[in-house]
Amino acid sequence: MNLFNLRRNTAALESSVTEPAPVEPQGLSSACLMPSVERPLQQFVRGQGSWLWDSTGRAYLDFTQGGAVNSLGHSPNVLVKALASQAQALINPGAGFHHRGLLRLSNLLCERTGSDQAYLLNSGSEACEGAIKLARKWGQLHRNGAYRIITASQSCHGRSFGALSASGKAEFEALFEPKLPGFCKVPFNDLPALHAAVDSRTVAIMLEPIQGAAGVIPATAHYLKGVERLCRELGILLILDEVQTGVGRCGALLAEETYGVRADIVTLGKGLGGGVPLAALLARGSACCSEPGELDGSHHGNALMSAAGLAVLQTVLEPGFIDHVQDAGRHMRDGLSRLSGRYQQGEVRGQGLLWGLNLADDSAAEVVGAALQEGLLLNAPQPDCLRFSPALTVSKGNIDEMLLRLARAFARVRTAQLQRSLD
Ligand SMILES: *Cc1c(COP(=O)(O)O)cnc(C)c1O
């Protein structure tokens, strides 16, 4: 689609964005969908950069991007081209064979993150499973069979069984018991609690540098440095789950760089594929202990996804790209802080282009609904918190437009709250 059409459609549709748009499901029923996430009625048909269009032609400014998945926005040229030409040439030679994309992406990942080995997989959960396997293997080799992994309360490492068991999310607690044993959860940003939890069976500490699902809660520098020191002193592994924070999201290739910390194992996912399912497990030094037969998967390192990952990574590594993330991130932080002050909301937290805004009450789901009516897509990781994870290529103009729409969403919710209090 050319720029003229994009502008025309956007302008035409923005005039109608204040009206709620009940979308006809167009004869397609959702009754056969197994219940999972709750979805609004809209059916999305097209995306470009920071914009999405539904089947009625209405435009939405997307500040969630699939939960930080579409790192370069919707259908970026570089990704479309890489996928198209790779699909023409070779989609999947099979996980048992070498191909150029696998080698090029793995090499580039290792070179630019200072890792010794990389393994490509399909999802963040799977990468975290891989990290758990590596740590347990390492415990057998180097620490008398130690297998316990300490993780943080409120953490989220994914929904597969091991990742679910590793997670400290309260909502997971009662699900699917009994879970995989061997995990111990301690409060985040609390060094003494971590210290007290380590015993001779402990093999690793696994953390998100910024807890995303918990409401964008950054580790303090004091904490993460202290965790690294503790791991070195005790001779256990540091695993950083950078599925959400990695690949430029926090204004550096890895968030660990911004803390001056180096993990033994790093997991990547979400933004790495730019919208297609791709994740990576990175290992350094003695954590490189995997042997054939331990991590395999049918789609692992598939040529189509590798081509996507390479296109995304090369783009993020281009001169000036990370500078833009930092610059746009400061612009967004300042704007959110002003808005928060104006509407008596709470703290703004985050880094790069991953931000959370605490609300004064548990109205986050209502604000997300009101924002949808204003043509703005947001996410509420907690009842009192909004999360912003726009395309890393987002313009300051679109950030300003987001702030306008968010202000209108706040106003809508205030009016509804007032109405309810009068009823
Ligand atoms: C999203 C996420 C995961 C899980 O990734 P999936 O691709 O959804 O399986 C794991 N860890 C973190 C920190 C995440 O944000």
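Owing to the predicted nature of the structure, the values given are computational and were not obtained by experimental measurement.

With that settled, consider the site of the ligand. Around the ligand sit Ser123, Gly124, Ser125, Cys156, His157, Gly158, Glu208, Asp241, Val243, Gln244 and Lys270, and those are all the residues in its vicinity. Within the side chain of Asp241, an N or O atom sits 2.6 Å from a nitrogen atom of the ligand. In the environment of the ligand, an oxygen atom lies 2.5 Å from a nitrogen or oxygen atom belonging to the side chain of Lys270. With the chains in place, 79% of the 380 Å² that the ligand exposes on its own is no longer accessible. Partitioning the shell around the ligand into residue classes produces two nonpolar, six polar and three charged.

In spatial order, the strands read S13-S14-S17-S16; together these four strands make up an open sheet with antiparallel pairing. Only two strands of the sheet have a single partner each, and these edge strands are strand S13 (348–351) and strand S16 (379–382). Mean inter-strand twist for the sheet, computed between neighbouring axes without regard to direction, equals 25°. With two bridges connecting them, S16 and strand S17 (residues 385–388) associate as antiparallel partners. By the bridge assignment for S17, Gln382 is matched with Cys385.

Taken as a whole and judged by the stated rule, the model has one cavity of 30 Å³ or more. For the largest cavity, the calculated volume is near 50 Å³. As for the largest cavity, its lining consists of Gln345, Asp361, Ser363, Val367, Phe410, Val413, Arg414 and Gln417. It is helix H13 (residues 396–422) that contributes the most residues to the lining of the largest cavity, four residues altogether.

Here the focus is the domain arrangement of the protein. Domain annotation for the protein reports domain 1 (3–68 + 319–422) and domain 2 (78–316). The C-alpha centroid of domain 2 is placed 28 Å from the C-alpha centroid of domain 1. Counting residues at the interface gives 21 residues for domain 1, matched by 24 residues for domain 2. The junction of domain 1 with domain 2 conceals about 1800 Å² of combined surface from both sides, 56% of it contributed by carbon and sulfur atoms. Of all residues in domain 1, Ala68, Gln351 and Leu354 give up the largest surface area on contact with domain 2, accounting jointly for 33% of the area buried on that side. On the surface where domain 1 and domain 2 come into contact, there are zero salt bridges. Across the domain 1-domain 2 interface, the total number found is 10 residue pairs in polar contact (both at pLDDT 80 or more). The dominant element in the side of domain 1 that touches domain 2, judged by the number of residues it contributes, is helix H11 (residues 321–342), at four residues.

Cut-offs applied
- Residues numbered from 1 in each chain as written.
- Predicted model: local features only at pLDDT ≥ 70, side-chain atom pairs only at ≥ 80, totals over all residues.
- Heavy atoms only, no water.
- Near = heavy atom within 4 Å.
- Polar contact = N/O pair within 3.5 Å; in protein donor to acceptor, adjacent residues only side chain to side chain.
- Areas by Shrake-Rupley, 256 points an atom, 1.4 Å probe, with all protein chains shown as cover.
- Nonpolar A, V, L, I, M, F, W, Y, C, P; charged D, E, K, R; others polar.
- Pairing = 2+ DSSP bridges.
- Helix = DSSP H or I, 4+ residues; strand = E, 2+ residues; numbered from the N terminus.
- Axes fitted to C-alpha atoms, helices over the stretch in contact; angles between N-to-C directions.
- 1 Å grid on protein atoms, 1.4 Å probe; cavity = no way out; pocket = protein on both sides within 12 Å on 5 of 7 lines; lining within 4 Å.
- Points joined across faces, edges and corners; volume = space filled by probe spheres on them.
- Domains from an automatic or database assignment.
- Contact = heavy atoms within 4.5 Å.
- Buried area = accessible area lost by both parts, 1.4 Å probe.
- Salt bridge = Lys/Arg side-chain N within 4 Å of Asp/Glu carboxyl O.

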